[in-house]
Amino acid sequence: MLAAASLIPGLDDIVRHGNPERRAEVARRIAELFFRDAARLRPSHVDLFDDILIDLVPYVETVVRAELSERFSLLGNAPRSLVGQFARENEILVAAPVLRRSPVLDEEVLLEVARLKGQGHLLAMAERHRLSADLTDVMVRRGDRDVVRRTAGNAGAVFSEKGFVELTKRAARDAVLTLTVGQRDDLPEQRLKELLAGSLDVIRRRLFDVVKPDRQVAIRQALSEILGRPEQFEKATRDFVPAHRTILALHEAGQLNEAALLGFAKQYAYEESVAALAAMSGVSIPTLDRLISGDRHDPILIIGKTVGLQWATVRALILLRLGPNRIPAPADIEAARVNFARLMPSTADRVVSFWKMQQPV
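Now for a description of the structure that goes with this document. (Residues numbered from 1 in each chain as written. Predicted model: local features only at pLDDT ≥ 70, side-chain atom pairs only at ≥ 80, totals over all residues. Heavy atoms only, no water.)

Brief notes about the packing of helix α15 (residues 201–210) against helix α16 (residues 213–227)
Part 1 of the reasoning: Running from amino to carboxyl end, α15 crosses α16 at an angle of 155 degrees, the nearest separation of the two axes being 9 Å. The orientation of α15 relative to α16 falls into the category roughly antiparallel. Between α15 and α16 lies a crossing whose hand is left-handed. When α15 is examined against α16, the residues Arg 204, Leu 207 and Phe 208 are found in contact with a partner set consisting of Gln 216, Ile 219, Arg 220, Leu 223 and Leu 227. (Axes fitted to C-alpha atoms, helices over the stretch in contact; angles between N-to-C directions. Helix = DSSP H or I, 4+ residues; strand = E, 2+ residues; numbered from the N terminus. Parallel < 35°, antiparallel > 145°, perpendicular 65-115°, else oblique. Left-handed = near helix turned anticlockwise from the far one by under 90°. Contact = heavy atoms within 4.5 Å.)

A word on the environment of Arg 149
Part 1 of the reasoning: Counting through the fold element by element, Arg 149 comes out in helix α11 (residues 145–152).
Part 2 of the reasoning: As for Arg 149 and Thr 180, which are separated by 31 residues in sequence, their C-alpha atoms are 7.2 Å apart.
Part 3 of the reasoning: If near-sequence neighbours (up to four positions away) are discounted, Arg 149 is found in contact with Asp 174, Val 176, Leu 177 and Thr 180.
Part 4 of the reasoning: Side chain to side chain, Arg 149 and Asp 174 meet in a polar contact 2.9 Å long. (Polar contact = N/O pair within 3.5 Å; in protein donor to acceptor, adjacent residues only side chain to side chain.)

A few points about the packing of aromatic side chains
Part 1 of the reasoning: For the structure shown, the criterion picks out eight aromatic pairs.
Part 2 of the reasoning: Seen from their ring centres, Phe 240 and Tyr 270 are 6.4 Å apart, and the 50 degrees between their planes marks the pair as tilted. Note that Phe 240 is positioned in the loop between α16 and α17 (241–252) and Tyr 270 in helix α19 (residues 270–281), a separation of 30 residues in sequence. Of the two residues, Phe 240 and Tyr 270, both sit in the buried class.
Part 3 of the reasoning: Note on Trp 311 and Phe 340: the rings are 6.0 Å apart at their centroids and 40 degrees apart in plane angle, and the pair reads as tilted. Here Trp 311, found in helix α22 (residues 311–322), pairs with Phe 340, found in helix α23 (residues 330–342); they are 29 residues apart in sequence, far enough to count as distant. (Phe/Tyr/Trp six-rings, centres within 6.5 Å; stacked < 30°, edge-to-face > 60°. Buried < 20%, exposed > 50% of the residue type's maximum accessible area, 1.4 Å probe, protein only.)

The following block contains the structure:
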């Protein structure tokens, strides 16, 4: 550290009275000294760098602070107070690197940030190698959909009983989260049962396909208790023949239009709705059935944009996909509406053309 004082005369006066430009220049030079000698520095030397840099770095422009945060986040002996200062910054470009990986951030700082900062900070923290139960309690309670999904998918995250209860509740309206939580080895059996009870059948089957064999046994047992019968997970088949005949008759009568499709969707007539969409879009019934029964409603938005449907009809198709007993979160419906409005017809047409190319000849 003595090298810093010798290379930068009047350092103490600069720290106390220098203008922002001079302080920023000195901060960069001192940081470079630290990086150059980091492997050889003693704890007392690191503390000395810390005392100086914490007063200088705030005067450095954002892009440079972000670069310093990135470099310091990789060091096991980084200046602790400076790293904490980075973590508390509102500017996510600066805070994110140390929140993601810095080993010198202690639990107290992480909890403070988790409780007070925004979703970008929480999302960065969700990538840490390890997350305590106290941290995940806060993140699951305060986090948005992306934060909760990423936290649930972190193998190094520990969840309390309260945390798993909240995850299970949120998964009831989030198929992706259901699949993520259901694959956790530490998920208690009671929470697994609740997770399955609040899931669509198609999601249960998808989860069964992706979990480990021992978890498959637990899923069978849980569903047996929920449904009152053994669950064989045989491939579900739908009979589209009557629906196809109905749609063909409407087409021949010149009555196959958006109003007819909306009527089918509002009645939760799944087969008729899919058959109508197939006739209107040129995508085969099996392909549409596979796409619409998945864990995302994006295919409905894309097909709707290609066919030229109004939002009311697209919304009815999303509700049809969920079934009459499932009420989607208003935020999810609003997000779907915004995405549908933003979706370019040319983009949707290209996707639909690709789906048609994948159909059996």
